[in-house]
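This is what each chain is made of:
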Amino acid sequence: MPELPEVEIVRRGVAKRITGRTIEWIRLNRADVVHGTAIPLCAALHGRRVKRVERVGKQILIEINRRVALMVHLGMTGRLTAVPPEMPIEPHTHVRISFRKCSFELRFSDPRRFGGIWFLDKAAGEVGWVGRRRPLVGPDALEVSCREFAGRLAHRRQIKALLLDQRVLGGVGNIYCDESLHRAGIHPATRADRLSDGQIRRLYRAIRTVLAQAIRAGGSSISDYRNVDNAPGWFQVRHRVYDRKGQPCRRCKTAIKRLVVAGRGTFICPKCQPPRRVRPRRSPRKHT
Ligand SMILES: [Zn+2]
């Protein structure tokens, strides 16, 4: 599943190609992948110019103006690719967007359809909403301050469950959660409110480092992820724990273990990430 680094790579590729371009037409091969305000999408966007392409957590926001935007969620298997119009249309291509005076079109494909496209019109608000609700996203993992991050961890839930909750922190999924917890030396089942201030600072820095390194490596391609040119990333070869069960820890040579935490397959080094109890922090924190 694409996480922050993969989505950021796709965003950069899409932004480079379509910012400032005018939408010629939109073709929906499957209307039910589009959710949002009940305005006929194709008519609403025909002839409109793309102002900018942003990222919100794991979602890509194609902004037309302050009011109107398309939000693309890649879900598990979603891809946005820029291809020449004469390229044969692959199965599961649900949406095609063509631009004026342009040698490519943008295609959204998603075999498993956990992703989708949300048509957002602020003026219409919640009136006439069609299809799935837009996923809620907390502060971005690369932009949140250490202080706000610490505040969001003041919770009895397991640290892994909290990091995966997009409403708590936007962008981190299973891969980068496991990689960050290993670098910070924290067991994923640790109660978040039992982490020391030092552990929280280490985790904060680990998340930023891992995400930045992964972006530089073009993301991780475990199964489906491809960038806008349909090319894979290679950060998976630098994973320290994720998908490395039985292989030696890159730090201490202990065999990596797989367990289930927060309902997800989880990879840890039992030596670097001991499940020890840590005394609660002295500073008072709210339990929300
Ligand atoms: Zn280790």
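Procedures and definitions
Residues numbered from 1 in each chain as written. Predicted model: local features only at pLDDT ≥ 70, side-chain atom pairs only at ≥ 80, totals over all residues. Heavy atoms only, no water. Pairing = 2+ DSSP bridges. Helix = DSSP H or I, 4+ residues; strand = E, 2+ residues; numbered from the N terminus. Donors = N, O, S within 2.8 Å, 3.2 Å for Na, K, Ca; no water. Tetrahedral: all angles 85-135°; square planar, octahedral: opposite > 155°, others 65-115°. Buried < 20%, exposed > 50% of the residue type's maximum accessible area, 1.4 Å probe, protein only. Core = buried A, V, L, I, M, F, W, Y, C linked by side-chain atoms within 4.5 Å. Domains from an automatic or database assignment. Contact = heavy atoms within 4.5 Å.

Undergrad: Any chance you could explain the sheet that holds strand 3 (residues 52-56) here in plain terms?
TA: Hydrogen bonds between backbone groups are what pair the strands of a sheet, and the pairing can be parallel or antiparallel. If you trace the 6 strands from one edge of the open sheet to the other, you get 3-4-5-9-2-10, paired in mixed fashion. Of all strands in the sheet, those bounded by a partner on one side alone are strand 3 and strand 10 (129-130). Note: strand 2 (residues 34-37) against strand 9 (residues 116-121), 3 bridges, orientation parallel. Bridge pairing links Gly36 to Phe119 in strand 9.

Undergrad: What's the story with the coordination of the zinc ion in this structure? I'm lost.
TA: Six octahedral donors around a metal ideally subtend angles of 90 or 180 degrees, whereas four tetrahedral donors ideally subtend 109.5 degrees. Cys249 (SG), Cys252 (SG), Cys269 (SG) and Cys272 (SG) make up the full set of protein donors to the zinc ion, lying at 2.2 to 2.3 Å. One way to put it: the 4 donor atoms around the zinc ion meet at angles of 98 to 114 degrees, and that makes the site tetrahedral. Each donor residue of the zinc ion belongs to the same chain, with the gaps between them written as C-x2-C-x16-C-x2-C. Within this pair, whereas Cys249 is found in the loop between helix 6 (197-216) and strand 11 (257-261), its partner Cys272 is found in the segment after strand 12 (264-268), the two being separated by 23 residues in sequence. Each member of the pair Cys249 and Cys272 is classed as buried.

Undergrad: Help me understand the nonpolar core in this model?
TA: Side chains of a nonpolar character, in soluble globular proteins, are inclined to be buried together. Leu106, Phe149 and Leu203 are the most contacted members of the largest nonpolar core, which has 74 residues in total. Residue contributions to this core peak at 9 residues, all from helix 6. Each of domain 1 (4-130) and domain 2 (146-268) accounts for three or more of the residues forming this core. Apart from the residues lying within four places of it in its own chain, the contact partners of Phe149 are Val144, Leu163, Leu169, Ile200, Leu203, Tyr204 and Ile207. If you look at the next biggest cluster of nonpolar residues, it comprises 6 residues, including Ala69, Met71, Trp118 and Trp129.

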